[in-house]
Amino acid sequence: MSTTNVAFVSAQVLANEDLGADCRLLRLAVEPELDTSAVRPGQFVMVRGPWAHHPMLPRPFSVLDTADGQLEILVKVVGRGTTLIAGLHRGASVTVLGPLGRPFPPPTPGVRDLLAGGGAGIPPLYLHALRAPAGSAVELLYGGRSAADLVLVDRFAAARLSWHCCTEDGSAGSKGRVTDLLEAQLDFPGDQRVLACGPTPMLKAVASLCEARGVACWISLETEMACGIGICRGCSVAHPEGGWRCTCTDGPVFEAGEVVL
Amino acid sequence: MTVDLAMELCGVRFATPVLSASGTFGYGLETAAVLDPADLGGVVTKGISPLPRKGNPPPRICETAAGMLNSIGLENPGVEWFADEKMPPLRAAGATVVANFFGDDPDEYVSCAAALDKIDGVAALELNISCPNVAHGGMQYGTDPRLAGRLVSACRAVTTKPLWAKLTPNVTDIVAVARACVEAGADALSLINTLSGIGINVRTRRPRLGNLFGGLSGPAIKPVALRMVHQVYAAGLGVPLVGIGGITTGEDALEFILAGASLVQVGTATFSEPTAMLRITDELRQWCRELGAERVGDLVGTLKV
Ligand SMILES: Cc1cc2nc3c(=O)[nH]c(=O)nc-3n(C[C@H](O)[C@H](O)[C@H](O)COP(=O)(O)OP(=O)(O)OC[C@H]3O[C@@H](n4cnc5c(N)ncnc54)[C@H](O)[C@@H]3O)c2cc1C
Ligand SMILES: Cc1cc2nc3c(=O)[nH]c(=O)nc-3n(C[C@H](O)[C@H](O)[C@H](O)COP(=O)(O)O)c2cc1C
Ligand code: FES
């Protein structure tokens, strides 16, 4: 990873919007210190609010968008840190470290990208689809338990992305899981690859489906992180041939065979 | 009023008393985009062993109230790699380098000390006799004054560089271990390493760390660290002390200095704020002004009890 673009900035919360399903969209003013044009889809930032020592560590979030020189993140509330960050009001100050990590491989002419996202795993895939050059073949596949989990779909429509969704209860799109959607798409005759982000069990299912069908697969992993920048070695994942990979600097995007899920 | 923050320890000059703590700043250059290591008092490297070492299974960290547990397990690619890959850029960057090292047994400690002794640009050696994470490494030496002393004197014999011994807080009598290390030839003492602890996930009823046991660091341990620095300083062993544990502000650093530390190290705070060491240095300078001290060295051990 090149760290030359990495900045550590004090940023302001410009907006905090409720997306439903315990998710908030935060827009952060990070320019000029953090050059948002350097952010690549799949990269993340470490965010920390103005509290003392509990929690002490920043939290990693994928970059959702960088519209107008601002940085957007989606925050799903799962614990103490995300509760506090999701509760930040407009005007609050946070620190942001980034952009960090290895991004998704950029779109390649003649290769179709299938983007498989579950739950709060949609942000880096959305940015990848949004940034794909005109004429690229990109299909966004989005799964949740029910319609309410499918946050941000209004943005997909506004950006005229090509997308399909499914829900486990059938309340939106087809009934089933994102792997079912993916399987239906894999019969495509041309070159294609899969980029996935979501809970680890979903990544596992996607990776084994791709392996069985001989399709290249890239996954974005989530692990505990303390530093986000390669100095604590707290984010290790096992490599199939032994040793470790650092999720924060070698990832978070890995080719499926690079890590043991 | 200008304040002189420089400190000299065993013949080595540190531009400021604020250094990175081992294992919390990599090899000093990972964060170069936001912090120039030459602006620090010094860089204490991640623990180095004679041979590469794999480290513990994940999860390796979990956050706790005002702190965190880690069970990294001293993962590192070994001393040869350190000399070839990491020292040249560190030398070029003009950083003052203290090499933290350990081994699985006394022979490994000695061979690592001997190898580090030969590396140009390593200003001092910090002997980690205190890591609580590894079944065979460290813990037993750091908790038994006799074993600690033997290890220090074995390493002492193979290096002419200043040798610091880094102590574990997981003992009943810190002064006994400190004294044994000094009698065996340690030039300085660093204290403290992490406190042994565990965390439990109540949903899964499983440990929160892959290794079960981990080391507690961060603001939560500061009072314990300060107490130990005070006790060792008060014992008057005649060597300088390096204070470590939960420092996040210049005021914290000053507390350690008043208790008797000549230098301090900042660890976990760097994870929340990669530039914390620079802020802490600025705040310390302000404090010296406020207390009317022209040299930070004048404040060492001036706690009134
Ligand atoms: C590279 C990377 C990118 C990420 N991007 C995003 C993002 O764009 N949006 C987002 O909302 N989150 C994202 N996450 C996850 C987010 O960082 C964590 O949810 C957050 O750190 C949890 O902090 P907490 O203090 O709220 O929870 P903790 O108190 O740390 O944990 C609370 C409970 O939630 C569990 N938990 C932790 N992470 C998750 C998770 N992701 N999903 C469900 N349960 C979890 C824990 O195991 C624990 O049981 C990302 C993580 C990584 C590593
Ligand atoms: C992730 C992590 C890794 C560490 N690795 C080492 C190490 O390799 N060698 C060592 O002597 N101490 C190691 N330590 C201990 C720190 O150097 C320091 O003594 C301790 O964290 C207390 O300081 P703090 O509260 O400022 O973090 C490590 C600490 C952490 C949090
Ligand atoms: S999170 Fe610290 S090394 Fe990856």
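About the cut-offs
Residues numbered from 1 in each chain as written. Chains lettered and ligands numbered in written order. Predicted model: local features only at pLDDT ≥ 70, side-chain atom pairs only at ≥ 80, totals over all residues. Heavy atoms only, no water. Helix = DSSP H or I, 4+ residues; strand = E, 2+ residues; numbered from the N terminus. Rg over C-alpha atoms; globule rule 2.2 N^0.38 Å. Buried < 20%, exposed > 50% of the residue type's maximum accessible area, 1.4 Å probe, protein only. Contact = heavy atoms within 4.5 Å. Areas by Shrake-Rupley, 256 points an atom, 1.4 Å probe, with all protein chains shown as cover. Lys, Arg positive; Asp, Glu negative; His and termini not counted. Charge placed at Lys NZ, Arg CZ, Asp CG, Glu CD. Buried area = accessible area lost by both parts, 1.4 Å probe. Salt bridge = Lys/Arg side-chain N within 4 Å of Asp/Glu carboxyl O. Polar contact = N/O pair within 3.5 Å; in protein donor to acceptor, adjacent residues only side chain to side chain. Nonpolar A, V, L, I, M, F, W, Y, C, P; charged D, E, K, R; others polar. Domains from an automatic or database assignment. Near = heavy atom within 4 Å. Expected span 1.5 Å × (residues − 1). Phe/Tyr/Trp six-rings, centres within 6.5 Å; stacked < 30°, edge-to-face > 60°. Patch = residues over 30% accessible without salt bridge, like charges linked within 9 Å, V, L, I, M, F, W, Y side chains within 5 Å. Axes fitted to C-alpha atoms, helices over the stretch in contact; angles between N-to-C directions. Parallel < 35°, antiparallel > 145°, perpendicular 65-115°, else oblique. Left-handed = near helix turned anticlockwise from the far one by under 90°.

**Some details on the overall build of chain B**
Part 1 of the argument: Looking only at helices and strands, one finds nine helices and 16 strands in chain B.
Part 2 of the argument: For chain B, the C-alpha radius of gyration of 18 Å lies close to 19 Å, the compact-globule estimate for 305 residues.
Part 3 of the argument: With the principal axes as the frame, chain B shows a C-alpha extent of 55 × 50 × 40 Å.
Part 4 of the argument: Residues counted as buried form 60% of the 305 residues belonging to chain B.
Part 5 of the argument: In chain B, once contacts between residues fewer than 6 apart in sequence are set aside, the share between residues at least 24 apart is 72%.
Part 6 of the argument: Working note: accessible area of chain B is about 11400 Å², and carbon and sulfur atoms make up 52% of it.
Part 7 of the argument: Across chain B, the 25 positively charged side chains and the 30 negatively charged ones have centroids separated by 7 Å.

**Quick word on the interface of chain B and chain A**
Part 1 of the argument: The interface of chain B with chain A comprises 34 residues on the first partner and 26 residues on the second.
Part 2 of the argument: When chain B packs against chain A, close to 2500 Å² is buried across both sides, 68% of that on carbon and sulfur atoms.
Part 3 of the argument: Area buried by chain B at its contact with chain A is led by Ile61, Glu63 and Phe271 of chain B, which between them contribute 24% of it.
Part 4 of the argument: Counting across the interface, chain B meets chain A through two salt bridges.
Part 5 of the argument: Across the pair glutamate 63 of chain B and arginine 59 of chain A runs a salt bridge, and its minimum N-O distance is 2.9 Å.
Part 6 of the argument: There are eight residue pairs in polar contact (both at pLDDT 80 or more) connecting chain B and chain A.
Part 7 of the argument: Of all the secondary-structure elements, those providing two or more residues to the side of chain B that touches chain A are β5 (61-64), β6 (67-70) and α8 (269-272) of chain B.
Part 8 of the argument: The class makeup of the residues in the side of chain B that touches chain A is 14 nonpolar, 13 polar and seven charged.

**So, the domain arrangement of chain A**
All names here are of chain A.
Part 1 of the argument: The domain boundaries assigned to chain A delineate domain 1 (9-100) and domain 2 (112-258).
Part 2 of the argument: A separation of 21 Å is found between the C-alpha centroids of domain 1 and domain 2.
Part 3 of the argument: For the pair domain 1 and domain 2, the summed buried area comes to about 1900 Å², and 67% of that belongs to carbon and sulfur atoms.
Part 4 of the argument: In this assembly, domain 1 and domain 2 are joined by one salt bridge.
Part 5 of the argument: Glutamate 72 is paired through a salt bridge with arginine 155; the nearest N and O atoms lie 2.8 Å apart.
Part 6 of the argument: Counting across the interface, domain 1 meets domain 2 through three residue pairs in polar contact (both at pLDDT 80 or more).
Part 7 of the argument: Elements with a contribution of two residues or more to the side of domain 1 that touches domain 2: β1 (7-20), β2 (23-29), β3 (44-48), β4 (59-62), β5 (70-76) and β6 (93-100).
Part 8 of the argument: Here the side of domain 1 that touches domain 2 takes three residues from β5, the largest share from any one element.

**Topic: the site of ligand 2**
Part 1 of the argument: Taken together, 23 residues surround ligand 2, and among them Ser22, Lys166, Gly218, Gly246 and Thr268 of chain B come closest.
Part 2 of the argument: Two or more chains meet at ligand 2, and those chains are chains A and B.
Part 3 of the argument: Between an oxygen atom of ligand 2 and a side-chain N or O atom of lysine 166 of chain B, the distance comes to 2.7 Å.
Part 4 of the argument: Between ligand 2 and the protein, one listed contact pairs an oxygen atom with a backbone N or O atom of glycine 218 of chain B at 2.8 Å.
Part 5 of the argument: Here ligand 2 loses 98% of its free accessible area of 610 Å² to cover by the protein chains.
Part 6 of the argument: Grouping the amino acids of the shell around ligand 2 by side-chain chemistry returns seven nonpolar, 15 polar and one charged.

**Some thoughts on the site of ligand 1**
All names here are of chain A.
Part 1 of the argument: Around ligand 1, a shell composed of 19 residues is seen, among which Pro60, Lys76, Gly81, Thr82 and Glu222 lie nearest.
Part 2 of the argument: Arginine 59 has a polar side-chain atom sitting 2.9 Å from an oxygen atom of ligand 1.
Part 3 of the argument: In isolation ligand 1 has 900 Å² of accessible area, and contact with the protein removes 68% of it.
Part 4 of the argument: Those elements giving two or more residues to the shell around ligand 1 turn out to be β4, β5 and α1 (80-86).
Part 5 of the argument: A breakdown of the residues in the shell around ligand 1 according to their chemical character gives ten nonpolar, five polar and four charged.
Part 6 of the argument: Inspection of the shell around ligand 1 shows a minimum of three residues originating in each of domain 1 (9-100) and domain 2 (112-258).

**Describing helix α2 (residues 106-117) of chain B**
Side chains that are three or four residues apart share a direction in an α-helix, a result of its 3.6 residues per turn.
Residues and elements named next belong to chain B.
Part 1 of the argument: With twelve residues, α2 should reach 16 Å at 1.5 Å per residue; the first-to-last C-alpha distance of 16 Å fits that figure.
Part 2 of the argument: For α2, the set of buried residues is Glu108, Tyr109, Cys112, Ala113, Ala114 and Leu116.
Part 3 of the argument: A distance of 3.1 Å separates the backbone nitrogen of aspartate 107 from a side-chain oxygen at the start of α2, and that oxygen is part of aspartate 105.

**Regarding the packing of aromatic side chains**
Any aromatic ring pair is given by two values, namely how distant the centres are and how the planes are angled relative to each other.
All names here are of chain B.
Part 1 of the argument: This structure, assessed with the given rule, holds eight aromatic pairs over all chains.
Part 2 of the argument: Ring centres of tyrosine 27 and phenylalanine 82 lie 6.1 Å apart, and the angle between their planes is 40°; on these two criteria the pair is classed as tilted. Of this pair, tyrosine 27 sits in the loop between β3 (18-20) and β4 (42-44) while phenylalanine 82 sits in helix α1 (residues 79-93), and the two are 55 residues apart along the sequence.
Part 3 of the argument: Phenylalanine 82 gets classed as buried once you look at its relative accessible area, which sits at 0%.

**Looking at unusual backbone geometry**
Part 1 of the argument: Along the chain, glycine 251 of chain A connects to proline 252 of chain A via a cis peptide bond; the corresponding omega equals 10°.
Part 2 of the argument: By the element assignment, proline 252 of chain A lies in the loop between β14 (244-246) and β15 (253-255).
Part 3 of the argument: Residue proline 59 of chain B is bonded to the preceding proline 58 of chain B through a cis peptide linkage, with omega at -5°.
Part 4 of the argument: Among the secondary structure elements, proline 59 of chain B is positioned in the loop between β4 and β5.

**A closer look at a nonpolar patch on the surface**
Part 1 of the argument: On the surface, Ile198, Ile200, Val202, Leu212 and Phe213 of chain B cluster together to form a nonpolar patch covering roughly 490 Å² of accessible area.
Part 2 of the argument: What makes isoleucine 198 of chain B partly exposed here is its relative accessible area of 46%.

**Quick look at the packing of helix α5 (residues 174-183) of chain B against helix α6 (residues 222-234) of chain B**
All names here are of chain B.
Part 1 of the argument: The contact between α5 and α6 brings their axes to 9 Å, and the two run at 55°. Between α5 and α6, the angle falls in the class oblique. As α5 packs across α6, the resulting crossing turns out to be right-handed. Judged by residue contacts, Ile174, Val175 and Ala178 of α5 engage Met228, Gln231 and Val232 from α6.

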